[in-house]
Amino acid sequence: MAAPALKRRLGPGLMTAYGVGVMVGAGIYVLVGAVAAQAGIWAPLAFLIAGIVAAPSALSYAELSVRLPEAAGEVAYVEEGLSSHALAVLVGLAIVLAGVISAAAVLRGGAGYLALLVPLEPALIILGLGAALSALAVVGVLETLAFAAILTLIEVVGLALVIWAGFSAPAVPEMAALPPVNWSGVAGAAALAFFAFIGFEDMVNMAEEVRDPNRTLPRSILAALAITTALYLLVSFAAVRAVPVETLAGSERPLALVWESAGNSAQLLAAIAVAAALNGVLAQIVMAARVLFGLGRRAPGLAIFNKAHPRFGTPVLATVLAGALMLASALMLPVSALAQATSMVLLGVFILVNLSLVFLKRRSAEASFRVPMIVPLFGAAASAAALFAALGGVA
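Residues numbered from 1 in each chain as written. Predicted model: local features only at pLDDT ≥ 70, side-chain atom pairs only at ≥ 80, totals over all residues. Heavy atoms only, no water.

If you look the protein chain up in an unreviewed UniProt entry, it shows as Amino acid permease from Rhodobacter flavimaris. Recorded in UniProt under Subcellular location (unreviewed entry), the annotation for the protein chain is "Membrane". (UniProt positions renumbered as here; feature names shortened; annotations may be inferred.)

Pasting the structure below:
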């Protein structure tokens, strides 16, 4: 008797909302301050560079999602493209690690916002939210992503309010006399800002639960990246326009400061930021569990995770493990360290994924969605340069 399979229940609307939700929820509410600390008033430039670094990799993922529509997509891409099973398994484990620590970073940041509304210790907030979201991810993918789509709408509305507040508030003095660009600071900040763009790679791991993945996945990936990039540029510009860089840099709730700069109470934006955090955490748990599910199919030592619940149609054991690891990480490490670690892991994966597409394209040009060969080549080079900048920032 065949093991229960994942259920194909997702269309383009939910997939695009999932992509926007995981990217927007992946750190813009907590990262603007850290990016401003390195790039200063040129923080929007750092986000623009990060988007340019992410774009070719997103296009590569869009083609690969058509060529190999599987859960644990990166594992399949590297194994087929670079002909290395061991490297593919390592990439899969790296993706799970990145998803777990990304969820931990967003959960920790969301707890900081929720502490403005609820008089509880951050550790208790982290434990309560993390356990509840892990349980929701077990129940079913359609229910999970429908809830996530509602959260996405709330968080996008929140960013629109931040943009309005930032442009309504008096401009800080730095806007009148722009300092010269500190390119080393901007480069390091771009590597950190890249964390806010992660999420498009999560979308390919839902391939076995998407109806008509050959059409849905490429379109959803590109739409989500375009929407997110526009939001980030406007939000980061509004932030540095309305709040002094030194104040932004020292805050774990920087967008609440932008909202307050226009004379508003912090509570509303704090509530919206919590919704964004819930969305980001939920999406990363779902993704990490699907990668473990797909890894179990290809790696005998991980076969225990290649099981879907007969009623829920979700990988329960993989979801529980991802949730537990996320909680442990969120309780032990600060947001900036978690974000930096996630960015470096994913940049390394993006190098390998882009190179995998290069080799697959050389073997076969046939695919219903194709990008020029220069795209994965530039994607690999841009990811390598960003990884070098990130390592230099850590050093």
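From this point, things continue past the structure.
Asker: Would you take a moment to explain empty space enclosed by the protein for this structure?
Answerer: Remark: the empty space left among the atoms is shown by a probe the size of a water molecule rolled over them. Per the counting criterion, the structure on display carries 3 cavities of 30 Å³ or more. Of the pockets and cavities examined, the second largest cavity occupies roughly 40 Å³. Every residue lining the second largest cavity is listed: I95, A98, G99, S102, I198, E201, D202, Q284, M287 and L346. The element that contributes the greatest number of residues to the lining of the second largest cavity is helix α5 (residues 85-114), accounting for 4 residues. (1 Å grid on protein atoms, 1.4 Å probe; cavity = no way out; pocket = protein on both sides within 12 Å on 5 of 7 lines; lining within 4 Å. Points joined across faces, edges and corners; volume = space filled by probe spheres on them. Helix = DSSP H or I, 4+ residues; strand = E, 2+ residues; numbered from the N terminus.)

Asker: What is the right way to read the pattern of salt bridges from this model?
Answerer: Oppositely charged side chains can pair when the atoms bearing their charge come close. Applying the stated rule across the entire model yields 3 salt bridges. With a closest N to O distance of 2.8 Å, E63 and R67 form a salt bridge. With a gap of 4 residues between them, E63 and R67 both fall in helix α3 (residues 43-67), about one helical turn apart. Neither residue differs from the other here; E63 and R67 are each classed as buried. A salt bridge links K361 to E63; the shortest N-O distance between them is 3.1 Å. On the criterion of sequence distance, the pair formed by K361 in helix α15 (residues 335-363) and E63 in helix α3 is long-range, its members being 298 residues apart. Each member of the pair, K361 as well as E63, is classed as buried. One continuous salt-bridge network, built from bridges that share partners, spans E63, R67 and K361. (Salt bridge = Lys/Arg side-chain N within 4 Å of Asp/Glu carboxyl O. Buried < 20%, exposed > 50% of the residue type's maximum accessible area, 1.4 Å probe, protein only.)

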